[in-house]
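Next come the chains, spelled out residue by residue.
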Amino acid sequence: MKSLLNKNVLITGGLGFIGSNLARRLVNSGATVTLLDNLYPNYGGNLFNINDFEDKVNVIIGDVRDSDLVNKLVKNKDYLFNLAGQTSHLDSMENPFDDLEINSKAQLSILEACKNYNTDIKIVFTSTRQIYGKPDYLPVDETHSIKPVDVNGINKYSGESFHVLYNHIYGIKSAILRLTNTYGPGMRIKDSRQTFLGVWIRNALKSEPLLIYGDGLQLRDFNYVDDVVDALLIVALNDESNGDIFNLGSDQVVNLVDLSKIFRDINPEIEIRLIKFPDKLKKIDIGDYYGNFSKIKNKFKWKPKVSLEEGLRVSLAYYGKNLNYFLENKIDLLQ
């Protein structure tokens, strides 16, 4: 596998949850790292995510929709980890044009920038399990039909399709990872725009109930962020991933009630409460989901290393020490 030593790397969404964890690993591997993030309040960027290595990265506060900026930033880069995106499913329904601009149109602009200014770059694009919609079968593999239940899923599929097309037509080396529920230090916990698990962690630490919609029997799988970073680096550094799509996932499948019991095992005082599924969320809920990740496992030997129990313990300990850096600020309270 190739080395990252002295490689020039750009991460869009670099101050966010996954981007900052990836950046830390890249810096430790000897790469020269540039982070692009708009730090919009409703997204996941947080300067605290790089507080332990901020002097070792180049931070650009800007937007992937700024084509002039992106044109400049892709020059002379060896790798682009294209992580910037609008992740909230509900927001995508309430503000569909914003989602379209970020998750579809901006992706095309990024690829045009690479075509015009750096055809040698390797791109890894992060997509989502949401594109599959309500599964026809479980576990869901990459051949499953694409039938999104929300605007976010449609636009993310558009974004990944552009990457595959530019790989095949223009030789812009691109690989796509379809992520499942990712969690760990650095994720957004002030609301559920990234994952409900973040809100659960916040509530657990603030002695507030863990709220479960419906009967709580929905099945899910989860990946700890370090395992996701492993996958990002594996597909980036292997040319066999070019033009291909890979699910991530876990063999540790759990329903939400049992997941909440893991929290209770860590802290017996945590209250668990079942509540009615809000109509606007129920309409875009995908029901049971867990992914078949045998393709990336067989091709690149990737599999999750961190158990859900261990990952949650580490996450709760991290936010127990740093909670105030991830809670609401004045800007968010005005939304």
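Cut-off values and rules
Within each chain, residues carry numbers counting from 1 in the order of the written sequence. In view of the model being predicted, local features appear only for residues whose pLDDT reaches at least 70, and side-chain atom pairs are presented and counted only at 80 or more, with totals across whole chains, interfaces and linings using the full set of residues. The basis for the side-chain values is all heavy atoms of the structure; hydrogens and waters are excluded. With axes taken as lines fitted to C-alpha atoms, and helix axes fitted only over the stretch in contact, angles between N-to-C directions fall between 0 and 180 degrees. Secondary structure follows DSSP: runs of H or I at least 4 residues long count as helices, runs of E at least 2 residues long count as strands, and numbering of each begins at the N terminus. Orientation labels follow simple angle bins: below 35 degrees gives roughly parallel, above 145 gives roughly antiparallel, 65 to 115 gives roughly perpendicular, and whatever is left gives oblique. By convention, the crossing between two helices is left-handed when the near helix turns anticlockwise from the far helix through less than a right angle, and right-handed when the turn is clockwise. Note on contacts: a residue pair is in contact if any heavy atoms of the two residues lie within 4.5 Å. Definition used for salt bridges: Asp or Glu carboxyl oxygen within 4 Å of a side-chain nitrogen of Lys or Arg. For every residue, the accessible area (1.4 Å probe, protein chains only) is compared with the maximum for its type, and the residue is labelled buried under 20%, exposed over 50%, or partly exposed between those bounds. Here the term patch refers to residues with relative accessible area over 30% and no salt bridge, with like charges joined within 9 Å and nonpolar side chains (Val, Leu, Ile, Met, Phe, Trp, Tyr) within 5 Å. The Shrake-Rupley method, run with a 1.4 Å probe, gives the accessible areas here. Residue values count only the displayed protein chains as cover. Pairing of aromatic side chains here covers Phe, Tyr and the six-membered ring of Trp, requires ring centres within 6.5 Å, and sorts the geometry by plane angle: under 30 degrees stacked, over 60 edge-to-face, intermediate tilted. We call a charge positioned above a ring when the Lys NZ or Arg CZ atom is no farther than 6 Å from the ring centre and deviates by at most 35 degrees from the ring normal. Under the scheme applied here, ten amino acids are nonpolar (Ala, Val, Leu, Ile, Met, Phe, Trp, Tyr, Cys and Pro), four are charged (Asp, Glu, Lys and Arg), and all others, including Gly, are polar. By nonpolar core we mean a set of buried residues, namely Ala, Val, Leu, Ile, Met, Phe, Trp, Tyr and Cys, connected to one another through side-chain atoms within 4.5 Å.

## Here's the deal with the packing of helix α8 (residues 256-266) against helix α11 (residues 308-322)
Each pair of packed helices can be summarised by the angle the axes make with each other and by the distance between the axes.
Move 1: Between α8 and α11, the least distance of the axes is 10 Å, while the angle of their chain directions is 55°. If you check the angle between α8 and α11, you find them oblique. Read as a crossing pair, α8 and α11 show a hand that is right-handed. Here α8 contributes L259, I262, F263 and I266 to the contact with α11, which in turn contributes L308, E309, L312, R313 and L316.

## Overview of the pattern of salt bridges
Move 1: Here the structure, examined in full by the defined rule, presents 14 salt bridges.
Move 2: Of the charged contacts, one joins E160 and R178 as a salt bridge, the two residues approaching to 2.4 Å between their closest N and O atoms. In this pair, E160 is assigned in helix α5 (residues 151-170) and R178 in strand β6 (residues 173-179), connecting sequence segments 18 residues apart. Pair check on accessibility: E160 and R178 agree, each one buried.
Move 3: One salt-bridge network, held together by shared partners, links R25, D230 and K305.

## Side note on a nonpolar patch on the surface
Move 1: Taken together, the side chains of L165, I169 and Y170 define a hydrophobic patch exposed on the protein surface, amounting to about 300 Å² of accessible area.
Move 2: In this structure, L165 sits in helix α5.

## Observations concerning the packing of aromatic side chains
Move 1: A complete count under the given rule lists 16 aromatic pairs for this structure.
Move 2: Centre to centre, the rings of Y132 and Y289 are 6.4 Å apart; their planes meet at 15°, and the pair counts as stacked. Taken as a pair, Y132 in the loop between β5 (122-128) and α5 and Y289 in the loop between α9 (279-282) and α10 (294-300) lie far apart in primary sequence, 157 residues in all. Across the pair, Y289 and Y132 agree in class, each one buried.
Move 3: Aromatic ring contacts, followed pair by pair, group Y183, F196, W200, F222, Y224 and F263 into a single cluster.
Move 4: Lying over the aromatic face of Y170, K115 brings its terminal NZ or CZ to 4.7 Å of the ring centre.
Move 5: The positively charged end of K295 is found above the aromatic ring belonging to F246, 5.1 Å away from the centroid.

## Concerning the packing of helix α6 (residues 196-205) against α8
Move 1: Between α6 and α8, the shortest axis-to-axis distance is 12 Å and the interhelical angle comes to 35°. Crossing hand, α6 versus α8: right-handed. Two secondary-structure elements touch here, α6 through F196, L197, W200, I201 and A204 and α8 through L256, L259, S260 and F263.
Move 2: Counted by class, the contact of α6 with α8 contains 8 nonpolar, 1 polar and no charged residues.

## Digging into unusual backbone geometry
A negative phi angle is the norm for most residues apart from glycine, just as the trans form is the norm for most peptide bonds.
Move 1: Cis geometry marks the peptide bond from L138 to P139, where omega comes out at -10°.
Move 2: Along the polypeptide, P139 turns up in the loop between β5 and α5.
Move 3: A positive phi is found at N76, a non-glycine position, where the angle reads about 65°.
Move 4: As for its placement among the helices and strands, N76 is situated in the loop between α2 (67-73) and β4 (79-82).
Move 5: A residue is classified by how much of its surface remains accessible, and N76, at 66% relative accessible area, is exposed.
Move 6: The backbone of K301 sits at a positive phi, close to 65°, despite the residue not being glycine.
Move 7: Considering the arrangement of structural elements, one finds K301 in the loop between α10 and α11.

## A short note on the nonpolar core
Soluble, globular proteins show a tendency: their nonpolar side chains are buried together.
Move 1: Counting 64 residues, the largest nonpolar core has I11, L26, F81, L177, L259, F263 and I296 as the members making the most contacts within it.
Move 2: Element by element, the count of residues in this core is highest for helix α7 (residues 225-236), at 9 residues.
Move 3: Counting 18 residues, the second largest nonpolar core, distinct from the first, contains L69, A106, I110 and I172.

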